[in-house]
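Coordinates in review
Now for the letters of each chain:
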Amino acid sequence: MKVLIYGAGVIGSRYASGLFDAGVDVTLLARGARLDVLRNRGLLMAEGDDGPIRSVPVPIVDSPTYGNWDLILVAVRSHQIAAVLESLAGVGGDVMFLQNWAAGPEPLHEILDRDRVLLGFPNQGGVMDGDVVRYRRASAATRLVSMPIGEPDGQTTPRQERVVALFRSAGFAAKAEPRMDAWLRTHAAFEVPLGLAVHAAGGPDALAERPTAVRAMVDEIRLNLAAMPNPTVPGPFRILRIVPAALLVPLFRRFLRSSVAAPLHTDSPAVAGELELIADQLRASAVIRAAKLVT
Ligand SMILES: NC(=O)c1ccc[n+]([C@@H]2O[C@H](COP(=O)([O-])OP(=O)(O)OC[C@H]3O[C@@H](n4cnc5c(N)ncnc54)[C@H](OP(=O)(O)O)[C@@H]3O)[C@@H](O)[C@H]2O)c1
């Protein structure tokens, strides 16, 4: 399978290096300053805060038109998707989107044929440390979290099974998810209040020191989740609906102080731009739901 990864940030680089190490025919697409770094220094990867840096010789391109791809993985921030979609209209291959997204598949289908689109979400994490991608070290807890991969209409298809098998063959936990759209919306209902609260506080550690702000964030998450489809998907988010808010606050404070929350600490304009877009997407779907209730 010939794979193009579109976007060479944390997630695109992590999957590109993992697939390359497993012998997959994978190419990474970058632009601007990141493209220069990749061409001059190679793809530099390191595990955790102190793992050794290694260069992974993944082929690099600056346009999707340089190949016949079986699968294109889009790993840009959500608000950067429009330009990517336009550039893919004349390029063949299935396209799997790997980002926070709460608008459903329709905006993607407006540009790409229905039968080309797959949805997923990364089960990897990390940060850019200068030119180096420092990806989250695997732990017993992170190994339990699979990368969900689904058809927009929830069908089980051979191509979905092929993509799940591709990631598994490279050592990434992956699973077929029949309710991928609901999964993404529910995840966004959690991610937006969390991301905005972290941003307002100046980082996860700072937020952890403000129990009142954590409580407000928990209330917002629960309000959002109450409007999401039942049964809850991803399943563990059910806990956020049923456990009393007062008990969730100390759990969140502990999480915010942990290394898993570290990637939330960023003042990147791309993160702010993405949060703003997903917040808008959530608001738009709430308005549509309300309108349906009235009619
Ligand atoms: N990082 C994490 O730990 C993590 C964890 C779970 C989920 N996610 C989600 O995964 C998605 C990707 O996140 P990320 O952390 O990988 O983001 P990121 O580090 O900001 O990387 C995005 C990359 O895509 C590039 N890009 C954007 N538009 C492009 C275009 N038209 N052509 C070529 N390259 C383009 C960006 O380049 P420029 O810098 O030039 O814009 C950047 O290098 C997001 O939705 C994020 O919320 C991330």
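Residues numbered from 1 in each chain as written. Predicted model: local features only at pLDDT ≥ 70, side-chain atom pairs only at ≥ 80, totals over all residues.

1. Quick notes on the overall build of the protein chain
When helices and strands are tallied, the protein chain shows twelve helices and twelve strands. Compactness check: the protein chain gives a C-alpha radius of gyration of 19 Å against a globular reference of 19 Å for 295 residues, within 12% of the reference. Taking the principal axes of the C-alpha coordinates as reference, the protein chain spans close to 50 × 50 × 30 Å. Split into buried and exposed, the 295 residues of the protein chain put 37% on the buried side. (Helix = DSSP H or I, 4+ residues; strand = E, 2+ residues; numbered from the N terminus. Rg over C-alpha atoms; globule rule 2.2 N^0.38 Å. Buried ≥ 20, exposed ≤ 12 C-beta atoms within 10 Å, placed from the backbone.)

2. Some remarks on the site of the ligand
The ligand sits among 28 residues. The nearest are Gly-7, Gly-9, Ile-11, Gln-99 and Gly-125. Those elements giving two or more residues to the shell around the ligand turn out to be helix H1 (10–21), helix H2 (32–41), helix H3 (81–88), strand S9 (126–129) and helix H12 (269–294). Of the residues forming the shell around the ligand, the biggest block, three residues, is contributed by H1. (Near = placed C-beta within 6 Å.)

3. Topic: the sheet that holds strand S4 (residues 54–56)
Spatially, the four strands line up as an open sheet ordered S4-S3-S10-S9, and their pairing is mixed. Two strands close off the open sheet at either side, each with one partner strand: S4 and S9. Averaged over all adjacent pairs, the angle separating strand axes in this sheet is 35°, with direction ignored. Of the strand pairs in this sheet, S9 and strand S10 (residues 132–135) are connected by four bridges, and their pairing is antiparallel. Bridge assignment links Met-128 to a residue of S10, and that residue is Val-133. Running over the sheet, H1 touches strand S3 (43–47), S4, S9 and S10 and is turned about 90° from S3. (Pairing = 2+ DSSP bridges. Axes fitted to C-alpha atoms, helices over the stretch in contact; angles between N-to-C directions. Contact = placed C-beta atoms within 7 Å.)

4. Here's the deal with helix H11 (residues 245–257)
Along its 13 residues, H11 runs 19 Å from first to last C-alpha, staying within 8% of the 18 Å computed at 1.5 Å per residue. Lining the buried residues of H11 we find helix H8 (204–208), helix H9 (211–226) and helix H10 (238–242). (Expected span 1.5 Å × (residues − 1).)

5. Some points on the domain arrangement of the protein chain
In terms of domains, the protein chain is made up of domain 1 (2–178) and domain 2 (182–294). Computed from C-alpha coordinates alone, the two centres of domain 1 and domain 2 are separated by 24 Å. With 14 residues of domain 1 in contact, the opposing surface of domain 2 contributes 16 residues. Looking at the side of domain 1 that touches domain 2 residue by residue, the class counts come to seven nonpolar, five polar and two charged. (Domains from an automatic or database assignment. Nonpolar A, V, L, I, M, F, W, Y, C, P; charged D, E, K, R; others polar.)

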